[in-house]
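# Descriptive analysis of the structure
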Amino acid sequence: MIRTVESPPPASAPVLAAYSYCEAVTGQQARNFAYGIRLLPTPKRRAMSALYAFSRRVDDIGDGALAADVKVARLEDTRTLLDRVRAGKVEEDDTDPVAVALSHAASAFPIPLGGLDELIDGVLMDVRGETYETWDDLKVYCRCVAGAIGRLSLGVFGTEAGARGTERAAEYADTLGLALQLTNILRDVREDAEGGRTYLPSDDLAKFGCSAGFDGPTPPEGSDFTGLVHFEVRRARALFAEGYRLLPLLDRRSGACVAAMAGIYRRLLDRIERDPEAVLRGRVSLPGREKAYVAVRGLSGLDTRHVSRRSPVRQTARRRA
């Protein structure tokens, strides 16, 4: 069970400067993420920015143009830095603002920093060019690069005192991360193919005649690309439905943050479902006004109330009554 830290320690001027750097990185490079975390109180928003900035650094190493052996060395250097954070050996005047901010965040909230080790492991899988035969294989990767982020975020959010079922909060956060990552994989299928990466399970690709890959703006000849996308969309929707059970376990603003971020990706999934081939023509995205609407909806608590009404615990309680 994870409970929120009510009064994080005050931040010094160097730590505040480090957080400002991380928030700038987040605002510039993660607009969907930034829409969600702006709904959080300041200490949580800063901590989430620190987590994002460290994660971005790891991802950038994996996505860069360096040779594979150099990427591996840099990822291991990043793991060594994480070890310093974990051991409390990063001073406030350290020259690395991400390390300073993450160290402070880890002292303020019960963040399971091992999740960042998992992220590094997942990016190493990318560097090695791993492919995935089955959904179970792909889940291992998704849990490293996204499920772990869900669990890390839960360390910042905490769970609401008195909420029922908090023992499953980490499981729901992990599952929601899988839903977001599968949506990302569908959205970026063409971009990933151009970079020499294939994430969708080879079993699924074969089933729908898509084993030739996606190297152009049209599906492989004779394939059922629409069938493939709809199959993966149904899988993602099932993950969203399970992961959304996290919402009633969070306080109002943390729940709003999660609902906003997940809501943006669910709407992306809707767009992909309506026009599957759009992901081969370019990057599918939402306009700012639609993201703002999702954020307002999350802050209103509509999604949380909807999940609460459908909660098996509540339904069982009603039947017993």
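In short, a report on the structure.

Cut-offs and rules
- Numbering of residues begins from 1 in every chain and follows the order in which that chain's sequence is written.
- Local features in this predicted model are restricted to residues of pLDDT 70 or higher, and side-chain atom pairs are both shown and tallied only at a pLDDT of 80 or more, whereas totals for entire chains, interfaces and linings draw on every residue.
- For the side-chain quantities, the full set of heavy atoms in the structure was used; hydrogens and water were omitted.
- We count a stretch as a helix when DSSP gives it H or I for four or more residues in a row; a strand needs E for two or more, and each element gets its number in order from the N terminus.
- Contacts are assigned to residue pairs with any non-hydrogen atoms lying within 4.5 Å of each other.
- The method behind every accessible area is Shrake-Rupley, applied with a 1.4 Å probe, and residues are considered shielded solely by the protein chains displayed.
- Exposure is judged per residue with a 1.4 Å probe applied to protein chains only, and the accessible area is read against the type maximum: over 50% gives exposed, under 20% gives buried, and values in between give partly exposed.
- Distance and chemistry together define a polar contact, namely a pair of N or O atoms within 3.5 Å, with one atom able to donate a hydrogen and the other to accept it when in protein, and with adjacent residues in sequence counting only for side-chain atoms on both sides.
- Between Lys or Arg on one side and Asp or Glu on the other, a salt bridge is scored when a side-chain nitrogen of the former is within 4 Å of a carboxyl oxygen of the latter.
- Expected helix span is computed as 1.5 Å times (number of residues minus one).
- Two aromatic rings from Phe, Tyr or Trp, using only the six-membered ring of Trp, form a pair when their centres are within 6.5 Å; if the ring planes differ by under 30 degrees the pair is stacked, by over 60 it is edge-to-face, and anything between is tilted.
- Think of each axis as a best-fit line through the C-alpha atoms, taken over the contacting stretch in the case of a helix, with angles from 0 to 180 degrees between the N-to-C directions.
- Angles are sorted into four bins: roughly parallel if under 35 degrees, roughly antiparallel if over 145, roughly perpendicular if 65 to 115, and oblique for all others.
- Here is the rule for handedness: rotate from the far helix to the near one, and if that takes an anticlockwise turn smaller than a right angle the crossing is left-handed, while a clockwise turn gives right-handed.
- Each residue is assigned to one of three groups, with Ala, Val, Leu, Ile, Met, Phe, Trp, Tyr, Cys and Pro labelled nonpolar, Asp, Glu, Lys and Arg labelled charged, and all others, Gly among them, labelled polar.

### Some details on the overall build of the protein
When its secondary structure is counted, the protein shows 16 helices and zero strands. Within the protein, contacts between residues separated by at least 24 positions form 74% of all contacts whose residues are at least 6 apart in sequence. Carbon and sulfur atoms make up 49% of the accessible area of the protein, which amounts to about 14900 Å² in all.

### Some points on the side chain of Ser153
Within the element layout of this structure, Ser153 appears in helix H7 (residues 135-157). Looking at Ser153, the relative accessible area reads 8%, which means it is buried. Of the polar contacts made by the side chain of Ser153, one reaches the backbone oxygen of Ile149; its length is 2.8 Å.

### Some remarks on the pattern of salt bridges
For the structure on display, the rule yields 29 salt bridges. One salt bridge in this structure joins Asp117 and Arg86, with 2.8 Å as the shortest N-O distance. Taken together, the residues span a long stretch of sequence, with Asp117 in helix H6 (residues 114-127) and Arg86 in helix H4 (residues 68-86) at a distance of 31 residues. Of the residues examined, Asp117 reaches a relative accessible area of 15% and is grouped as buried. Close ionic contact of Glu273 with Arg237 constitutes a salt bridge, the shortest N to O distance being 2.7 Å.

### Examining helix H8 (residues 169-187)
Since the α-helix packs 3.6 residues into each turn, any two residues three or four apart lie on the same face. Counted at 1.5 Å a residue, the expected span for H8 with its 19 residues is 27 Å, and the 27 Å between its end C-alpha atoms agrees. The element H8 is largely enclosed, with a buried count of 16 among its 19 residues.

### Looking at the packing of aromatic side chains
Evaluation of the coordinates by the stated rule reveals six aromatic pairs. Between Tyr132 and Tyr199, the ring centres sit 6.5 Å apart and the planes meet at 10°, which makes this aromatic pair stacked. Here Tyr199 lies in the loop between helix H9 (189-194) and helix H10 (202-207) and Tyr132 lies in the loop between H6 and H7, a separation of 67 residues in the sequence. In this structure, Tyr132 and Tyr199 share a single accessibility class: buried. An angle of 25° between the planes, with centres 5.2 Å apart, marks the rings of Tyr141 and Tyr199 as stacked. Here the residue Tyr141 occupies a position in helix H7, and Tyr199 occupies one in the loop between H9 and H10, the gap between them amounting to 58 residues. Taken individually, Tyr141 and Tyr199 each receive the classification buried, so the pair is uniform in this respect. Through successive ring pairs, a cluster of aromatic residues spans Tyr132, Tyr141 and Tyr199.

### Describing the packing of H4 against helix H5 (residues 97-108)
At their nearest, the axes of H4 and H5 sit 9 Å apart, and the two run at 40° to each other. Considered as vectors, H4 and H5 are oriented oblique to each other. In terms of crossing hand, the pair formed by H4 and H5 is right-handed. Where H4 approaches H5, its residues Leu81, Leu82 and Val85 are matched on the opposing element by Ala99, Leu102 and Ser103. Of the residues contributing to the contact of H4 with H5, the split by class is five nonpolar, one polar and no charged.

### Observations concerning the environment of Leu82
Tracing the sequence through the fold places Leu82 in helix H4. For Leu82, a relative accessible area of 0% gives the class buried. Residues Leu82 and Leu102, 20 residues apart in the sequence, show an inter-C-alpha distance of 9.0 Å. In this structure Leu82 touches Phe54, Leu102, Leu113, Leu116 and Asp117, once residues within four positions along its chain are discounted.

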